[in-house]
Amino acid sequence: MSFFQWLGRIGVTSHPGGWAATEKLLTNLKPKKGELAIELGCGHGRTLSHVAEKFGTKVVGIDIVFPLALQACQRLIKRKAEGYAIVADICNLPFRDETFQVAWAESVFVFLPKPEAFAEVGRVLKRNGRFGIIELTWRDMPFPEYCEQTRKFMNVPRYEVLTLDQWSEAISRNGFEVRIAEKLPSHSLPSPLHQWLSDLRDLTRLGLGLALQVSFRKWFEGARDIVNLFRYTVPAIFVAVKVK
Ligand SMILES: C[S@@+](CC[C@H](N)C(=O)[O-])C[C@H]1O[C@@H](n2cnc3c(N)ncnc32)[C@H](O)[C@@H]1O
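Predicted model, so just to flag it, every value in this text is computed and none were measured.

**As for the site of the ligand**
In step 1: In the region of the ligand, 21 residues are neighbours, and Thr13, His15, Gly41, Gly43 and Ile64 sit closest.
In step 2: Elements supplying a minimum of two residues to the shell around the ligand: α1 (3-10) and β2 (58-63).

Written as structure tokens, this is what we have:
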């Protein structure tokens, strides 16, 4: 079973930098009332419903895991927010060219083949559309062993952390101009108490949920290796505009 199937079973998702990183991304991305936006790899839909509620943006979430897309959809319905979520693969989006004004993702491209995935985002975004991501980057020097440890633990085909420049280059190869590429100082940033508690609850549920799905030995190895996440990586945000 892969990491994404575990997430589907546990019913919780998260990303490096937590809510503070989300707020920073959205402050720079500036989704607006009436715009059509897509979240790529929306997971359980926390950010998706927040964008719909706070900014009045029409949102579409996609995720490759059915229970997560369903949960994101239910969250939107519960909050009476305008939008929906479906199951889809970022590398093969079921939307026409130039459909959306805004697109974003939080810790998803680290798992994807960069050229195909960024090209697909470029295809579905309108000209002058804005695109933002939160992804892991190296704190100082690259430590490729961390990627391989994590890929093995998560049982996923790909897990590639890039440098700030490599991320910017991968994005800008697809008609995007990168306007912001910024490392955040750490994984844990100050955020309002209720959001901080919400991050803590999600991370605790994730850790405990994983403990119930994998053998103790594998869980322990994962817990040991996670030190490398904090030692070698930090989250970064990128905001780009589609210029071609
Ligand atoms: C680390 S989680 C982040 C989820 C969400 N962005 C959040 O922060 O809570 C990565 C998400 O990407 C989804 N995902 C991974 N590969 C995908 C793909 N090829 N197409 C669509 N979603 C994908 C996973 O199912 C998972 O929900």
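Don't stop here, the text continues.
**Here's the deal with the pairing of strand β1 (residues 36-40)**
In step 1: In terms of residue burial, β1 counts as a mostly covered element, since four of its five residues are buried.
In step 2: Across five bridges, the pairing between β1 and β2 is parallel. Within β2, the position partnered with alanine 37 by the bridge is valine 59.
In step 3: Handedness of the β-α-β unit built from β1, helix α3 (residues 46-55) and β2 comes out right-handed.
In step 4: With three bridges connecting them, β1 and strand β4 (residues 100-106) associate as parallel partners.

**Section: the packing of α1 against helix α8 (residues 193-213)**
When two helices pack together, their arrangement is given by the angle between the helix axes and the distance between those axes.
In step 1: It is the contact of α1 with α8, at a shortest axis distance of 10 Å, that shows an interaxial angle of 110°. Taken together, the axes of α1 and α8 lie roughly perpendicular to each other. Relative to α8, α1 is oriented so that their crossing is right-handed. Residues Trp6, Arg9 and Ile10 of α1 touch α8, and the partners they reach there are Arg205, Leu206, Gly209, Leu210 and Gln213.
In step 2: Residues that form the contact of α1 with α8 fall into these classes: four nonpolar, two polar and two charged.

What counts as what
Residues numbered from 1 in each chain as written. Predicted model: local features only at pLDDT ≥ 70, side-chain atom pairs only at ≥ 80, totals over all residues. Near = placed C-beta within 6 Å. Helix = DSSP H or I, 4+ residues; strand = E, 2+ residues; numbered from the N terminus. Buried ≥ 20, exposed ≤ 12 C-beta atoms within 10 Å, placed from the backbone. Pairing = 2+ DSSP bridges. Right-handed = clockwise from strand over helix to strand, strands pointing away. Axes fitted to C-alpha atoms, helices over the stretch in contact; angles between N-to-C directions. Parallel < 35°, antiparallel > 145°, perpendicular 65-115°, else oblique. Left-handed = near helix turned anticlockwise from the far one by under 90°. Contact = placed C-beta atoms within 7 Å. Nonpolar A, V, L, I, M, F, W, Y, C, P; charged D, E, K, R; others polar.

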